[in-house]
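Survey of secondary and tertiary structure
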Amino acid sequence: MLTELLQALGITGKYLFTRSVTLRYPEERREPYLRTRWRHKLMRHENGLERCIGCSLCEAACPARCIRVVAEENTEEARVSPGERYAKEYEINMIRCIFCGLCQEACPVEAIVLREDFELADYERDSFRFTKDRLLEPQK
Amino acid sequence: MVTLRIDDRETTVADGTMIIEAARGIGIEIPHFCYHPKLSVSGSCKMCLVEVEGLAKLVTACTTAVSRNIVVRTRSEKVKEAQRATLSMLLINHPLDCPVCDKGGECPLQDYTYRYGPGKSEFSDEKWHFKKPVDLSPLIVLDRERCILCTRCVRFQEEVAVHPEIEVTERGRGSFIEVARPEGFTSNFSGNTIELCPVGALTSRPFRFKARPWELKRSPSLCPHCGCGCNIWLDVREDKIMRVLARENPPVDGGWLCDRGRFGYRFVSHASRLKTPLIRKGEGFIPCTWEEAISRVIGGFKKGREVYGSESIRGLASPKLTNEELYLFRKFFQEVAGTNSSGYTLNGDLMIESLRPADCSGLRRFSFQDIDEADSIFLIDGDPSKDLPILDLRIKKAVKKGARLFIAGSAEIELSDFASASPIPVGTELNSVPEKGGKGGFDRRFSGEIRDSKRSVILLGRKTDPSEVESLCSFLKELHDNGGGEGWISLGVLMPAANTQGAQDMLSGDTILNSQGIKYGVPGKSDVPDSRVKCLFIARQEIPDITNLRNHLDFLAVYDIFLSDTARVADVVLPAAAFSEIDGTYTNSERRVQRLFKTTQTPGEAKPLWEVMTLLAKATGTGWDFHSSRDVMREISEKISLYRYISYEEIGMKGSYADGTTSGPRYYR
Ligand code: SF4
Ligand code: SF4
Ligand code: SF4
Ligand code: SF4
Ligand code: FES
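Residues numbered from 1 in each chain as written. Chains lettered and ligands numbered in written order. Predicted model: local features only at pLDDT ≥ 70, side-chain atom pairs only at ≥ 80, totals over all residues. Heavy atoms only, no water.

As for the overall build of chain A
Condition: By definition, any uninterrupted DSSP run of H or I lasting at least four residues is a helix, any uninterrupted run of E lasting at least two residues is a strand, and each is numbered from the N terminus. Atoms counted for the radius of gyration: C-alpha only. Globule rule: 2.2 Å times residue count to the power 0.38. Partly exposed describes any residue whose relative accessible area lies between the buried limit of under 20% and the exposed limit of over 50%, with all areas from a 1.4 Å probe on protein chains only and scaled to the type maximum. In this description, contact between two residues means that some pair of their heavy atoms is separated by no more than 4.5 Å. Only the protein chains shown count as cover for residues, with accessible areas throughout obtained via the Shrake-Rupley method and a probe of 1.4 Å. We count Lys and Arg on the positive side and Asp and Glu on the negative side, and we leave His and both chain ends out. Taken as the charge centre is NZ of Lys, CZ of Arg, CG of Asp or CD of Glu, depending on the residue.
In terms of regular secondary structure, chain A is built from 4 helices and 5 strands. In chain A, the order of α-helices and β-strands from amino to carboxyl end is α-β-α-β-β-α-β-β-α. Radius of gyration (C-alpha) of chain A: 22 Å, far over the 14 Å computed for a compact globule of 140 residues. Along the longest, intermediate and shortest principal axes, the C-alpha atoms of chain A span 85 × 30 × 30 Å. Here chain A holds 140 residues, and 38% of them are scored as buried. In chain A, the proportion of contacts linking residues at least 24 apart, taken out of those at least 6 apart, comes to 69%. On chain A, roughly 10000 Å² of surface is accessible, and the fraction owed to carbon and sulfur atoms is 55%. Here chain A holds 23 positive side-chain charges and 24 negative ones, and the gap between their average locations is 4 Å.

A look at the site of ligand 3
Threshold: We call a residue near a molecule or strand when any one of its heavy atoms sits within 4 Å of it. Ten residues, namely Ala, Val, Leu, Ile, Met, Phe, Trp, Tyr, Cys and Pro, are considered nonpolar, four, namely Asp, Glu, Lys and Arg, are considered charged, and the remaining ones, Gly among them, are considered polar.
Around ligand 3, 13 residues are found, and the nearest of them are C147, C150, T151, C153 and C197 of chain B. Split by residue class, the shell around ligand 3 holds 11 nonpolar, 1 polar and 1 charged.

Section: the pattern of salt bridges
Stated formally: Basic side-chain nitrogens of Lys or Arg form a salt bridge, by our definition, when they fall within 4 Å of a carboxyl oxygen of Asp or Glu.
The tally for this structure, following the rule as stated, stands at 54 salt bridges over all chains. Here D97 of chain B ties to R146 of chain B by a salt bridge, and the two come within 2.9 Å at their closest N and O atoms. Here R146 of chain B lies in the loop between strand 7 (140–142) and helix 4 (152–160) and D97 of chain B lies in the loop between helix 2 (77–90) and helix 3 (108–116), a separation of 49 residues in the sequence. Residue class for R146 of chain B comes out buried when judged on its relative accessible area of 3%. The closest approach of N and O atoms between D392 of chain B and K396 of chain B, which form a salt bridge, is 2.9 Å. With a gap of 4 residues between them, D392 of chain B and K396 of chain B both fall in helix 13 (residues 389–400), about one helical turn apart. Under the relative-accessibility criterion, K396 of chain B is labelled buried at 6%. Three or more residues joined by partner-sharing salt bridges are found here, namely E73 and E84 of chain A together with D97, K132, D135, D143, E145, R146, R205 and R208 of chain B.

Description of the site of ligand 2
The immediate surroundings of ligand 2 are formed by 13 residues, with C52, C55, S56, C58 and C107 of chain A found nearest. Taken together, the residues of the shell around ligand 2 break down into 11 nonpolar, 2 polar and no charged.

Re the interface of chain A and chain B
The line we're drawing: When two parts are put together, the accessible area they lose, computed with a 1.4 Å probe and summed over both, is reported as buried area. Whenever two N or O atoms come within 3.5 Å, that pair is a polar contact, provided that in protein one can donate a hydrogen and the other can accept it, and provided that, for residues adjacent in sequence, both atoms are side-chain atoms.
Each side of the interface is counted separately: chain A has 15 residues, and chain B has 16 residues. Summing the contributions of chain A and of chain B, the shared interface buries around 1300 Å²; its carbon and sulfur component is 47%. Per-residue buried area on chain A facing chain B is highest for E73, E84 and R85 of chain A; these three make up 49% of the total on that side. Applying the counting criterion to the chain A and chain B interface returns 8 salt bridges. Seen at the junction of chain A and chain B, the total is 7 residue pairs in polar contact (both at pLDDT 80 or more).

Considering the side chain of T17 of chain B
All names here are of chain B. Along the chain, T17 falls in the loop between strand 2 (9–13) and helix 1 (19–25). Separated by 2.5 Å, the side chain of T17 and the backbone oxygen of A14 make a polar contact. For T17, the residues in contact, after removing those within four places along its chain, are A22, T64, A65 and V66.

Side note on helix 4 of chain B
All names here are of chain B. Among the 9 residues of helix 4, 7 are classified as buried, and the element is accordingly described as predominantly covered. Along helix 4, the residues that are buried comprise R152, C153, V154, R155, F156, Q157 and V160. Tucked inside the fold, the buried residues of helix 4 contact strand 8 (166–169), strand 9 (176–179), helix 5 (192–196), strand 10 (202–204) and helix 13. A positive backbone phi angle near 45° is found at V162, which sits one or two residues after helix 4.

Some details on the side chain of D392 of chain B
Residue and element names in this part refer to chain B. Under the relative-accessibility criterion, D392 is labelled buried at 1%. A polar atom in the side chain of D392 sits 2.9 Å from the side chain of K396. Apart from the residues within four sequence positions on either side, D392 is in contact with F189, P384, S385 and L415.

Some remarks on the pairing of strand 2 (residues 67–73) of chain A
Residue and element names in this part refer to chain A. The test is simple: When DSSP finds at least two bridges between two strands, those strands are taken to pair.
For strand 2, the tally of buried residues reaches 5 of 7 residues, placing the bulk of the element in the interior. As paired elements, strand 2 and strand 3 (residues 85–93) share 7 bridges and run antiparallel to each other. By the bridge assignment for strand 3, I67 is matched with I92.

Side note on the nonpolar core
Counted only if it meets this: For our purposes a nonpolar core is just a set of buried Ala, Val, Leu, Ile, Met, Phe, Trp, Tyr and Cys residues, chained together by side-chain atoms within 4.5 Å.
Formed by 50 residues in total, the largest nonpolar core has its most connected members in F332, F537 and M613 of chain B. One finds F189, L257, L388 and I407 of chain B within the second-largest nonpolar core, a separate group that totals 49 residues.

Here we look at helix 2 of chain B
Quick reminder: α-helices carry 3.6 residues per turn. Residues three or four places apart thus point the same way. All names here are of chain B. Rules: In a helix, the anticipated span is given by 1.5 Å times the number of residues less one.
Helix length check: helix 2, at 14 residues, gives a terminal C-alpha distance of 20 Å against a target of 20 Å (1.5 Å per residue), a fit within 8%. Among the residues making up helix 2, those that are buried are V79, A82, Q83, T86, L87, S88 and L90. Each element contacted by the buried residues of helix 2 is listed here: strand 3 (49–52), strand 5 (71–73) and helix 3.

Describing the packing of helix 8 (residues 290–308) of chain B against helix 19 (residues 609–619) of chain B
Residue and element names in this part refer to chain B. Defined as follows: The axes are straight lines fitted to the C-alpha atoms, using for helices just the contacting stretch, and the angles between their N-to-C directions are given from 0 to 180°. In these notes the angle categories are as follows: under 35 degrees is roughly parallel, over 145 is roughly antiparallel, 65 to 115 is roughly perpendicular, and the rest is oblique. Left-handed describes a crossing whose near helix is turned anticlockwise from the far helix by less than a right angle; the clockwise case is right-handed.
The interhelical angle for the contact between helix 8 and helix 19, taken along N-to-C directions, is 65°, at an axis separation of 10 Å. One way to sum up the angle between helix 8 and helix 19 is to call them roughly perpendicular. Where helix 8 crosses over helix 19, the two elements pack in a sense that is right-handed. In this structure, helix 8 uses W290, I294, V297 and I298 to contact helix 19, whose residues at the interface are V612, L615, L616 and A619. Per-class residue counts for the contact of helix 8 with helix 19 are 8 nonpolar, no polar and no charged.

With respect to the packing of aromatic side chains
Geometry of an aromatic ring pair is reported as the spacing of the ring centres plus the angle between the planes. Residues and elements named next belong to chain B. Short version of the rule: Ring pairs are drawn from Phe, Tyr and Trp, using the six-membered ring of Trp, whenever the two centres fall within 6.5 Å, and their geometry is named by plane angle: stacked under 30 degrees, edge-to-face over 60, tilted for the rest. Remark: a charge is flagged as sitting over a ring if the NZ atom of Lys or the CZ atom of Arg is within 6 Å of the ring centre and within 35 degrees of the ring normal.
For the structure shown, the criterion picks out 18 aromatic pairs over all chains. Consider the rings of F333 and F537, whose centres lie 6.2 Å apart with planes at 65°: the pair is edge-to-face. Of the two residues, F333 is situated in helix 9 (residues 323–336) and F537 in strand 25 (residues 535–539); the sequence distance between them amounts to 204 residues. Residue F333 shares its accessibility class with F537, and that shared class is buried. Three or more aromatic residues joined by ring pairs make a cluster, and in this case those are F301, F329, F332, F333, F537 and F555. Seen from the ring of F285, R280 lies directly overhead, with NZ or CZ sitting 4.6 Å from the centre.

Listed below in structure tokens is the structure:
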């Protein structure tokens, strides 16, 4: 019995002197993996136009049914995206999202992408409704 | 009859049937674009190629008639290769911009490409580009890049609408669809081309980018805009009607819709719909609860009765209301308010009343299908193209088949182009030689044409002078009884509003419950207010000269969906439910009772009229036991003998004539 006790203490002792894997979050942070899938972003083209063409394919692909897209027609005077169509409203209900990335896969123009921003906790249910203004990449 | 084999299954079809139809009959799908069962054969797209044993080349199934004992293969390697090649050809210049195309998700080209084709465009060079989209009309948008030149749209306008306003211009691969007339694409039926187009080349301007097909919830309904009662689908997204599509009910609409029906839905979700009851405060209104509004109305009625007697209370309902609503409307005024005088204004109400069943017993009661069999059609003072647009298509079809069309009336109408020379030229006064005691002069002049016919359809329009109807009826009866057998003359009235016939039946038309049909006006002149009326309840009706009428009134309550000019001068305004927000029935112009279903929510606190009437009755201490429109229909079928066979279960999705039959001739008794 004594030997077993010493063995266990030995293991404990060994870990006492190896490098710790625990990070002191939030003070300490780890570089996220390149393809980590967290909060969405709606991307823009180089020229500042929105990529999203309001096609609702992400909405159709989403298994959690948490995306809502309302499209509208571009005019020459007020162009939001290239082509005929853009998303006037775009919403993701982040509480329901399971971060599966199917929306990203479905998008024909690489507009919706899941990125590294994982700190999504909040106090209000309503604040999990990510509207277009929150999702959209800021103008460069 | 011919027996043949298709994909190892035997089928027997009539001579002359095309292979594509024979296959469809046994549930075998042959992909196709230009073929459409209701249009002429074109044979231009080559999508429907099939193999017939013994023939070296593949044949197009839409242009090849069946013959005895042939063996057809629709899925052989040769056919698959041909289908793939056809699709590959079609995709050479097709933009494949499905993500932004309103047809995407319900597009035959998309579906076939996945099922039978390469799945993508195999053409690697730069495709042709055109300016897009092009507005063909305020309602229809053309995308030239997507068009596959199947000519369905052109054939529809040419053959069905008989209004060839669009055409294929240029030749070969440079050809495209274009508006052919300087006045533009103005046809009343242009919207059907959107539904016919097998790709996203023709799309709807009002529906543009409003929703993808998979976001829409589809519910059955009826068009509320005229007395045809065309069957429609309502496609709803987030409780808003996004578009209207045809729901084929051949005896009624032939599967088509007019543009009024197809595009007239946006009023339902309009921001200015009334949402709460309003009561007058000085010059304006303040919102109030239903309890307050109801007690105001009852208060108004009570005061009127005390001061002027019950004859001073009137109700005035519109033929846009459902049977259930109208029935309780009348019941309230008759049984509760005790005025025995619920009234209605209907365009053309006078002539309907003059068409007493006794005057024309034995004549066939008009149903839309009578037009298909007629060899002569008489339009008297009516314009179906305006009042009952879908009948316009039916009449044109009959004329194409050889029926003669005679038009009498004060002005030329759209159908005049299709008419035979009439013995009474348009513009001449009808009944110019009235003989006292009936048999007016104008009728006599038609007798030769009617007698020459085997099947004759006589249609009276809304402008018919009621004083002429009696003589016309007795004249027709005389003609009818002297030849041809029962029902060779069919007589009908073109009833313009969605439920004109129902309003007639609910408010005054029945033998058991005849309320004498007192109108709000002086008898015979429905537009002159009856000075005895002091308290008026108007349901969904606009009164042209409301200020004048208002000056005679002590109290006015208006039930409507908008704050109309009529509602603006009311003491109490009640918010109404629109056609997609109620369960109920409409009776169309041929007295077919059809169902409306509650599909969208009423805005705010708006209520259907039957509920309002129940509340009013309750407020006066009369307990009515109606909890749904179904309960009301149950009572209607007990109380109104004409409707004794009608119940929601019996009506089903396709409607049923009021006498319980769904087809076959009906007669005036
Ligand atoms: S990540 Fe998955 S669940 Fe979340 S929005 Fe995209 S498709 Fe929907
Ligand atoms: S994010 Fe992509 S898939 Fe979603 S609507 Fe926009 S373009 Fe379409
Ligand atoms: S517009 Fe549509 S219906 Fe007309 S020819 Fe082109 S593809 Fe056919
Ligand atoms: S014909 Fe009448 S019922 Fe039919 S779609 Fe047109 S307006 Fe509606
Ligand atoms: S469907 Fe037969 S050729 Fe077009």
